[in-house]
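Structural description and commentary
Spelled out from the first residue to the last, the chains are:
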Amino acid sequence: MHLIAAARPNFMKVAPLWHALNEAPDFDPVLIHTGQHYDANMSDAIFEDLRLPQPDHHLGVGSGTHAEQTGRVMIAYEKVAMERRPDWLVVVGDVNSTVAAALVGAKLLIPTAHLEAGLRSRDRTMPEEINRIATDAICDVLWTPSPDGDRNLIAEGVPEARITRVGNIMLDSFEMTRPKIEAAGTAAEIGVTGAPYCVATLHRPANVDTNEPLRALVDCLKAVQRRLQLVFPVHPRTAARLRDTGMDAELEAAGVRLIAPLPYIRFMSLVTGAAAVITDSGGIQEETTYLGIPCFTLRENTERPITIEEGTNRLSTPAELPGLLEAALGEARSVRRRPVLWDGHTAERCVADLRARGEAPR
Ligand code: UD1
């Protein structure tokens, strides 16, 4: 059984499944890190937080254009899969390595499961949307987090027999590490004490790669900072753009706390204590829904609509955000519900599904 881990958001999806498979007498998980993310805080420290072992294989693909990254993962992973063919391949999420490994599995006729299948933003300008559509089209087993995932797949003609709703694996990682998250005290450690604070994470190419949207974001963050302390762990892509434009100094001068990306436990500790979160990430929309923390997603769409329908998420433009935040801070925290099967037991359901299927349907 091969498990592919590639980029920061993947690790929280792979870890609970790796642990569940490792404890099962009938499975032997082999962990493969493609190396799409390689910085200590983007990778090694998160592995440690999630008690993942050193990967059995490290493909070392690094950064590059989409084609370079996807191609390198395909070439390197194909060698590993041909050398010792797994009985199953599991890919997670929607990053370039996900689709690359799934293509290799499909061509080698290795039964392949996609964990976090069926999510759709319907925005094909997002590289992740292309990765999601392509991966789901070629995988044998599609593990969905929510009913909208099932509906999207069925509308695309996927046979129902391939789909199993397993719930949201990210929250298994949260529950697995909850005591450490609760003990971490990140806000105090970075000197944010006393007053309520807001956490921001932004890295989508559409938001940060060009000057006009970046300018709008920076103005938005400065407006938020005038209302409450903003802590901004900066993704390397965003850090480079802020540095190039001098907007990092501008944010700092306004009082925004720019910090390096945090490992999982320290980051979740910061989020757990926040009054609100501003993001363009996928997973954080889900984690804030689980925790009941108001989340403002700076995107025009989301592949995770259940976080809006049932959770605490809302889409916003940079211009609208300060007003929406003000309103949310004034409201009693609304009683929202955790979507069904977002319960910390998704990995167990994946393992049960693998057992029930025996061999993947072809
Ligand atoms: C990738 C994923 C995105 C995910 C994000 C989370 C794709 C298409 N995108 O985007 O879905 O939400 O990861 O972080 O797969 N870099 C580092 N250190 C690292 C990793 C990247 O410095 O550990 C730098 C790269 O050199 C590059 C930039 O950050 O300049 C972007 O990295 P890349 O992996 O291309 O895409 P992400 O924006 O991280």
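You'll find the structure just up there.
The sections below set out a description of the structure shown in this document.

How each quantity is defined
Residues numbered from 1 in each chain as written. Predicted model: local features only at pLDDT ≥ 70, side-chain atom pairs only at ≥ 80, totals over all residues. Heavy atoms only, no water. Helix = DSSP H or I, 4+ residues; strand = E, 2+ residues; numbered from the N terminus. Buried < 20%, exposed > 50% of the residue type's maximum accessible area, 1.4 Å probe, protein only. Contact = heavy atoms within 4.5 Å. 1 Å grid on protein atoms, 1.4 Å probe; cavity = no way out; pocket = protein on both sides within 12 Å on 5 of 7 lines; lining within 4 Å. Points joined across faces, edges and corners; volume = space filled by probe spheres on them. Nonpolar A, V, L, I, M, F, W, Y, C, P; charged D, E, K, R; others polar. Axes fitted to C-alpha atoms, helices over the stretch in contact; angles between N-to-C directions. Parallel < 35°, antiparallel > 145°, perpendicular 65-115°, else oblique. Left-handed = near helix turned anticlockwise from the far one by under 90°. Pairing = 2+ DSSP bridges. Expected span 1.5 Å × (residues − 1).

1. Considering the overall build of the protein
- A count of helical and extended segments in the protein gives 17 helices and 13 strands.
- Taking the principal axes of its C-alpha atoms as reference, the protein extends roughly 55 × 40 × 40 Å.
- Taking all 362 residues of the protein together, the buried fraction comes to 58%.
- For the protein, long-range pairs separated by at least 24 residues make up 70% of all intrachain contacts whose partners lie at least 6 apart in sequence.

2. Here we look at empty space enclosed by the protein
- By the definition in use, this model includes two cavities of 30 Å³ or more.
- In this structure, the largest cavity spans a volume of roughly 50 Å³.
- Residue lining of the largest cavity: Leu 115, Glu 116, Pro 145, Gly 167, Asn 168, Ile 169, Met 170 and Glu 286, and that is the complete set.
- The residue makeup of the lining of the largest cavity, split by class, is four nonpolar, two polar and two charged.
- Put simply, the second largest cavity is a space of about 40 Å³.
- Leu 202, Val 208, Leu 214, Leu 217, Val 218, Leu 221, Phe 232, Thr 238, Leu 242 and Leu 251 are the residues that line the second largest cavity.
- For the lining of the second largest cavity, the secondary structure elements donating two or more residues are helix H10 (211-227) and helix H11 (236-245).
- The dominant element in the lining of the second largest cavity, judged by the number of residues it contributes, is H10, at four residues.

3. A closer look at the packing of helix H1 (residues 8-23) against helix H17 (residues 346-357)
- Two elements in contact, H1 and H17, have axes whose closest approach is 8 Å; the angle formed by their N-to-C orientations is 55°. Classified by the angle between their axes, H1 and H17 sit oblique to one another. As H1 packs across H17, the resulting crossing turns out to be right-handed. Residues Pro 16, Leu 17, Ala 20 and Leu 21 of H1 touch H17, and the partners they reach there are Ala 347, Cys 350, Val 351 and Leu 354.
- Looking at the contact of H1 with H17, its residues break down into eight nonpolar, no polar and no charged.

4. Quick look at the sheet that holds strand E11 (residues 276-279)
- On the basis of which strands lie adjacent, the open sheet formed by six strands has the order E10-E9-E8-E11-E12-E13 and parallel pairing. Both outer strands of the open sheet, strand E10 (257-259) and strand E13 (313-315), are each paired with one neighbouring strand and no more. Strand-to-strand twist across the sheet, computed as the mean angle between neighbouring axes with direction ignored, equals 20°.
- The pairing of strand E8 (residues 197-201) with E11 spans four bridges and is parallel. For Ala 200, the partnering residue across the bridge sits in E11 and is Ile 278.
- The strands touched by helix H13 (residues 264-272) are E8, strand E9 (229-233) and E11; relative to E8, the strand with the most contacts, the crossing angle is about 135°.

5. Overview of H1
- Given a rise of 1.5 Å per residue, 16 residues ought to cover 22 Å, and the 24 Å separating the end C-alpha atoms of H1 matches this to within 8%.
- Most of H1 sits inside the fold, with twelve of its 16 residues counted as buried.

6. Considerations on the sheet that holds strand E5 (residues 112-115)
- Spatially, E3-E2-E1-E4-E5-E6-E7 is the arrangement adopted by the seven strands of the open sheet, whose pairing is parallel. Lying at the two open borders of the sheet, with one neighbouring strand each, are strand E3 (57-58) and strand E7 (163-165).
- Relative to E7, strand E6 (residues 141-144) runs parallel, the two sharing three bridges. When the bridges of E7 are listed, Leu 142 appears paired with Ile 163.
- Along the sheet face, H17 touches E5, E6 and E7 and points at about 155° away from the line of E6.

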